[in-house]
Amino acid sequence: GTAKSDIYFLEVRNFENPYGPTGQPGRASKPRQPKPPQRSPLPPDYGEYAKRQRQILSATFATERGRAALDTATLSDNINTVLLSQTKLRKNVEIFAQRFRGAQTPKVGNIRVPKQLGPDMKAAAEEMKAAEELLSKHDLLGAALGPQQRALQHIRHAETLWKLALSVGPKTPP
């Protein structure tokens, strides 16, 4: 037989802190904290996209795991809920990706938004669309094992690029 279990996500973080000299030998200063952007072209829920995609992916796996115990109407309702959640997130991600289509790289304060951010989010939206098609066919494992996970990878890559840009800060001309 086969066994089914929950899906778990492991997030690996870089715990390196940039330290600068304090003028005293052998002592380091406190870690630099990036200043929050004042006016951001990024939507207020931007940092939540990966979290929401993980929740959708988990819900897809949970629905598949419980499929045998659910009646047809309840299963359809659960799948429809996952499908609606995926559709809503995809639409938010598409709107976000459209902001970064142009040749001009926007800035947040003095920090340039990485050029790959828009294409990563567009790729995530395309994967979400593919997941929606599979969900509409009640192919939960196909949606979760393929496009939903790839969408999450694209979102995480975009978020990592943004965090890196913030940690590096603005580049000053020579």
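First, a word on scope: everything that follows refers to the structure included in this document. Numbers given to residues run from 1 along each chain, matching the order in which its sequence is written. Residues qualify for local features only when their pLDDT is at least 70, as the model is predicted, and side-chain atom pairs are given and counted only at 80 or more; totals for whole chains, interfaces and linings, by contrast, use all residues. The basis for every side-chain value is the complete set of heavy atoms in the structure, and neither hydrogens nor water enter the calculation.

## Brief notes about the environment of S58
Under the scheme used here, helices are H or I runs from DSSP no shorter than 4 residues and strands are E runs no shorter than 2 residues, and both carry numbers assigned from the N terminus. Structurally, the position occupied by S58 is in helix α1 (residues 49–65). The sequence separation of S58 and Q148 amounts to 90 residues, and the corresponding C-alpha distance is 10.0 Å.

## A few points about helix α2 (residues 72–99)
A helix's residues, less one, multiplied by 1.5 Å, set its expected span. For α2, built from 28 residues, the straight-helix expectation of 40 Å at 1.5 Å per residue is met to within 8% by its first-to-last C-alpha distance of 41 Å. Think of it in three bands: with a 1.4 Å probe and only protein chains considered, a residue is buried below 20% of the maximum accessible area for its type, exposed above 50%, and partly exposed in between. All of the buried residues along α2 are L75, I79, V82, L83, Q86, T87, L89, R90, V93, F96 and A97. Looking at the packing, one finds that the buried side of α2 touches α1, α3 (117–136) and α4 (140–168). Any pair of N or O atoms that falls within 3.5 Å is considered a polar contact. Within protein, one atom must be able to donate a hydrogen and the other to accept it, and sequence-neighbouring residues count only if both atoms are side-chain atoms. Capping of α2 at its N-terminal end is provided by D71; its side-chain oxygen lies 3.1 Å from the backbone amide nitrogen of A73. Two residues qualify as a contact provided that any one of their heavy atoms is within 4.5 Å of a heavy atom in the partner residue.

## Notes on the packing of aromatic side chains
Aromatic rings from Phe, Tyr and Trp, taking only the six-membered ring of Trp, are treated as a pair when their centres fall within 6.5 Å; an angle between ring planes under 30 degrees marks them as stacked, one over 60 as edge-to-face, and anything in between as tilted. Taken as a whole and judged by the stated rule, the model has 1 aromatic pair. Taken together, a centroid distance of 6.1 Å and an interplanar angle of 80 degrees make the contact between Y49 and F96 edge-to-face. In this pair, Y49 sits in helix α1 while F96 sits in helix α2, placing the two residues 47 residues apart along the sequence. As far as the burial class goes, Y49 and F96 line up, both buried.

## Regarding the nonpolar core
By size, the foremost hydrophobic cluster in this structure holds 34 residues, and its most contacted members are Y46, Y49, V93 and M121. Listed by contribution, the elements that provide at least two residues to this core are α1, α2, α3 and α4. Filtering out sequence-adjacent residues up to four positions away, Y46 remains in contact with F96, L117, M121, A158, E159 and W162. Only buried residues count toward a nonpolar core, which is a set of Ala, Val, Leu, Ile, Met, Phe, Trp, Tyr and Cys residues joined through side-chain atoms within 4.5 Å.

## Some remarks on the pattern of salt bridges
Counted as salt bridges are all cases of a side-chain nitrogen of Lys or Arg within 4 Å of a carboxyl oxygen of Asp or Glu. What the rule picks out here adds up to 7 salt bridges. Among the salt bridges present, the one from K51 reaches E48, with a minimum N-O distance of 3.8 Å. Judged by relative accessible area, E48 falls into the partly exposed class, the value being 35%. Measuring nitrogen to oxygen at the nearest pair gives 2.5 Å for the salt bridge that ties R90 to E132. Here R90 is found in helix α2, whereas its partner E132 is found in helix α3, with 42 residues between them in sequence. For the pair formed by R90 and E132, the shared burial category is buried. One continuous salt-bridge network, built from bridges that share partners, spans R90, E94 and E132.

## As for the side chain of D120
Its location among the elements puts D120 in helix α3. It is R156 that comes nearest to the buried, bridge-free D120 among opposite-charge side chains, at 11 Å. Among residues more than four places away in sequence, those in contact with D120 are H154, H157, A158 and L161. Charge counting follows a simple rule: Lys and Arg are positive, Asp and Glu are negative, and His as well as the terminal groups are ignored.

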